[in-house]
Amino acid sequence: MSAIKNLGTIAVMVPLYNSEPYIHDCLDSLIQQSYPYWVAYVVDDGSPDASGKIADEYAAKDSRFCVFHKQNGGYGSALNYAIEQAASSLESFLAVTFLDGDDCLDTNAYRDLSLVMANTGSDVLFFGYKQLYADKKINERPFACSSGAVTRLTYHAAQLGYGIWRGKNGTWRAVWNKFYKPALIQKIRFLGDRNYIEDIIFCTRIGIQANSFHFIDKSYYFHRQREDSVSRSPDIQIRRSRSIFYSLYVIEKSNVSEKIGILNLKYKEMFHIFQEMKDNHIVHFFENSNLFIEVANKIMPWATQEYQAGRVKEKDFLFLCEVASSQPLNVSLTRHPAIQFVLQKAESLINEKKIFNYAKYLTLRVDIRNKGKEGNKVIAQSIVPDPERVREQPAWLPDGISIESTSREMKVIICCQGKGELDIRLRGRDERNDDRKRYPVWIDCTYFTVNGLVVFSEAKTVCHDKPYLYKKTVIDREVVKLEFRWTECRSSSVLDEYHQLQKDLKESHQKLSNEVKKNKLQSAYASQVLSQLHDEERKNKRQEAYIFRASSQLRRFRLTKYLKYKFLSKVTFGNMRNHYKEKYQEQKSIYKSIKKGQFSL
């Protein structure tokens, strides 16, 4: 170790939470570094296991470990705490880096990276990583870019996995596969909010503040793949979308010359998230539909240009238009001529069920009847804001009206003709699959008043077949004022049911795939056995033919031998007699062995 030149000390920020099974590998990989000039700021983020205690034991043996304990605040909070502890001496370090408590390092990582950091003087030095699985299997794919300086735009593309980096290791939007100049870290902190993916926002801020970037085409970091990882949580897409949306504001407020190029990269990433949400029907249980609509509206201008240039599929763009237009606050955006055109096309395709219909998860259907005498009915006098959405005396409701709206808030004034009982049912949209079988589309009715009196102000989860029912006695020509508010379904029980349905479908699909594979294997084996049977049959036929030929030859030989024997007996026997006698014995032995089954081809 004494032979290695001290280029400067590295500050290592290590957050710990439930890392007990892996913490020894993590901290040992620091101790085993061939470059010994580092200081580790280890923060126990209120971990319920023995992670903090084990870290204290390492600190007692090695003064380079500085261990701190705090209440649980999340990943970003723990890293901010570590940075604050090092803030007073931050400028004295060569570089700042991060190491998760369940990951580990290559032995020569800090030796090689310190040398490059010292020689290049880059603000950010980023490198590759390997995926480490539970069975100790390591996954590493080759890079498509050689080591060297890269531009700011290339750095952002790498964080999003675009261009030459798509699908390559070493490019993930992570904070731990980088060395940072200490002056950068003094200006930037983590958001400290569990509703976001901290790495995305932090890396975006770094990419705006830094001026020079360097890439090393080699893997030094082992990133552990855990089943209980936060990155595998059900709401990861929502947090990812929210984080990229936040990072857009960071970029828009900046004054870097590459702003437009970076924004286009972010828009492209958001559009990919949007596609994944649509394809997986995530909107069914989307916890924040306002965010979903904001995202749709934010990327509309970019998507319009890309659609016109042929780089975005029509089906995806029409879906985007539909979601963007479902928010009244952003109606002005949909007045763009190009968007108006595709909106009209979208409506026809939605009716034909060629594209996914987002609006159905925001649709409230109100069925109002005036039950009693024959001839009773309901007349709609005012419906705000959707007067065109009312159906007067439809086939299924001859004594009433039916209203459907996606506006989330609606005021209705009706007039009852005839004395009777007003029957009001709040329900979801009537949706059916390809077999015409109805399936539930849940929504949450959050507010309902009749003539100013509040019927309920807490969420009532309803669908078409499970409506909320309200009844009221009315007199002839009585005017009734109704007010409704609703939103997409947020009921945990319904969401749990939906998650379970998705899980069951996935398991069924897996079973089906396994069955198909099994059947294919069985078919292949059956074909092989059948082929063997055919070969055996052909072999038996050849044997039968040989036996027949041998029998015929033997009979012919006997006759020939007899005639020749008779002829030769009259002439001479000599050597000819002995020759045919041997031939006869030979043929006879073959025939006997064939009959006994001792002879085969």
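Residues numbered from 1 in each chain as written. Predicted model: local features only at pLDDT ≥ 70, side-chain atom pairs only at ≥ 80, totals over all residues. Heavy atoms only, no water.

K.L.:
Sorry if this is basic, but what is going on with the overall build of the chain here?
P.N.:
Within the chain, the regular secondary structure consists of 15 helices and 23 strands. Each of the 601 residues in the chain was classed as buried or not, and the buried ones make up 47%. Long-range contacts, defined here as pairs at least 24 residues apart, represent 76% of the contacts in the chain between residues at least 6 apart. Carbon together with sulfur atoms contributes 50% to the accessible area of the chain, which is approximately 31400 Å² in total. (Helix = DSSP H or I, 4+ residues; strand = E, 2+ residues; numbered from the N terminus. Buried < 20%, exposed > 50% of the residue type's maximum accessible area, 1.4 Å probe, protein only. Contact = heavy atoms within 4.5 Å. Areas by Shrake-Rupley, 256 points an atom, 1.4 Å probe, with all protein chains shown as cover.)

K.L.:
Can you walk me through the side chain of lysine 266 in this structure?
P.N.:
Of note, lysine 266 is situated in helix α9 (residues 259-279). For the buried lysine 266, which has no salt bridge, the nearest side chain bearing the opposite charge is glutamate 269, at an N-O separation of 8.1 Å. Leaving out residues up to four positions away in the same chain, lysine 266 has contacts with Leu160, Thr204, Ile244, Ser247, Leu248 and Ile251. (Lys, Arg positive; Asp, Glu negative; His and termini not counted. Salt bridge = Lys/Arg side-chain N within 4 Å of Asp/Glu carboxyl O.)

K.L.:
Explain the environment of tryptophan 176 here, please?
P.N.:
Tracing the backbone shows tryptophan 176 in the loop between α5 (152-160) and β9 (178-180). Exposure remark for tryptophan 176: the relative accessible area of 3% places this residue in the buried category. The spatial distance from the C-alpha of tryptophan 176 to the C-alpha of histidine 223 is 9.2 Å, given a sequence separation of 47 residues. If sequence neighbours within four positions are ignored, tryptophan 176 has contacts with Tyr75, Thr97, Phe98, Asp100, Phe127, Tyr129, Asp199, Tyr221 and His223.

K.L.:
Is there a simple way to think about the sheet that holds strand β13 (residues 390-392) in this case?
P.N.:
Across a sheet, paired strands are connected by hydrogen bonds in the backbone, their directions being either parallel or antiparallel. One open sheet holds the five strands; their spatial order is β13-β14-β11-β16-β22, and the pairing between them is antiparallel. The sheet is open, and its two borders are formed by β13 and β22 (468-474), each paired with just one other strand. Going across the sheet, the axis of each strand differs from the next one's by a mean of 15°, ignoring polarity. Where strand β11 (residues 364-372) meets strand β16 (residues 420-427), eight bridges bridge the pair, whose relative direction is antiparallel. Looking at the pairing, arginine 369 lines up with aspartate 423 of β16. (Pairing = 2+ DSSP bridges. Axes fitted to C-alpha atoms, helices over the stretch in contact; angles between N-to-C directions.)

K.L.:
Whenever I open this one, the packing of aromatic side chains confuses me. Can you help?
P.N.:
Think of a pair of aromatic rings as described by two things: how far the centres are apart, and how the planes are tilted against each other in angle. Applying the stated criterion to the full structure yields 26 aromatic pairs. Note on phenylalanine 126 and phenylalanine 215: the rings are 5.3 Å apart at their centroids and 45° apart in plane angle, and the pair reads as tilted. Here phenylalanine 215 lies in strand β10 (residues 213-224) and phenylalanine 126 lies in strand β6 (residues 124-132), a separation of 89 residues in the sequence. For phenylalanine 215, a relative accessible area of 0% corresponds to the buried category. On the basis of an interplanar angle of 85° and a centroid distance of 5.6 Å, the ring pair of phenylalanine 448 and tyrosine 470 is categorised as edge-to-face. Here phenylalanine 448, found in strand β19 (residues 443-450), pairs with tyrosine 470, found in strand β22; they are 22 residues apart in sequence, far enough to count as distant. For phenylalanine 448, a relative accessible area of 0% puts it in the buried group. Taken together, the ring pairs connect Phe448, Phe456, Tyr468, Tyr470 and Phe484 into an aromatic cluster. Taking the ring centre of phenylalanine 456 as reference, the NZ or CZ of lysine 460 above it sits at 5.8 Å. Directly above the aromatic system of tyrosine 447 lies the positively charged group of arginine 485, at a separation of 4.1 Å from the ring centroid. (Phe/Tyr/Trp six-rings, centres within 6.5 Å; stacked < 30°, edge-to-face > 60°. Lys NZ or Arg CZ within 6 Å of the ring centre and 35° of its normal.)

K.L.:
I'm lost on the nonpolar core in this one. Help?
P.N.:
Soluble globular proteins: nonpolar side chains tend toward being buried together. In this structure, Met13, Leu30, Phe98 and Tyr110 are the most contacted members of the largest nonpolar core, which totals 65 residues. When sequence neighbours within four positions are dropped, the list of residues in contact with tyrosine 110 reads Ile10, Val12, Leu30, Gln33, Tyr35, Trp38, Thr97, Leu105 and Phe179. Grouped together as the second largest cluster of nonpolar side chains are 29 residues, Met270, Val295, Trp302 and Ala303 included. (Core = buried A, V, L, I, M, F, W, Y, C linked by side-chain atoms within 4.5 Å.)

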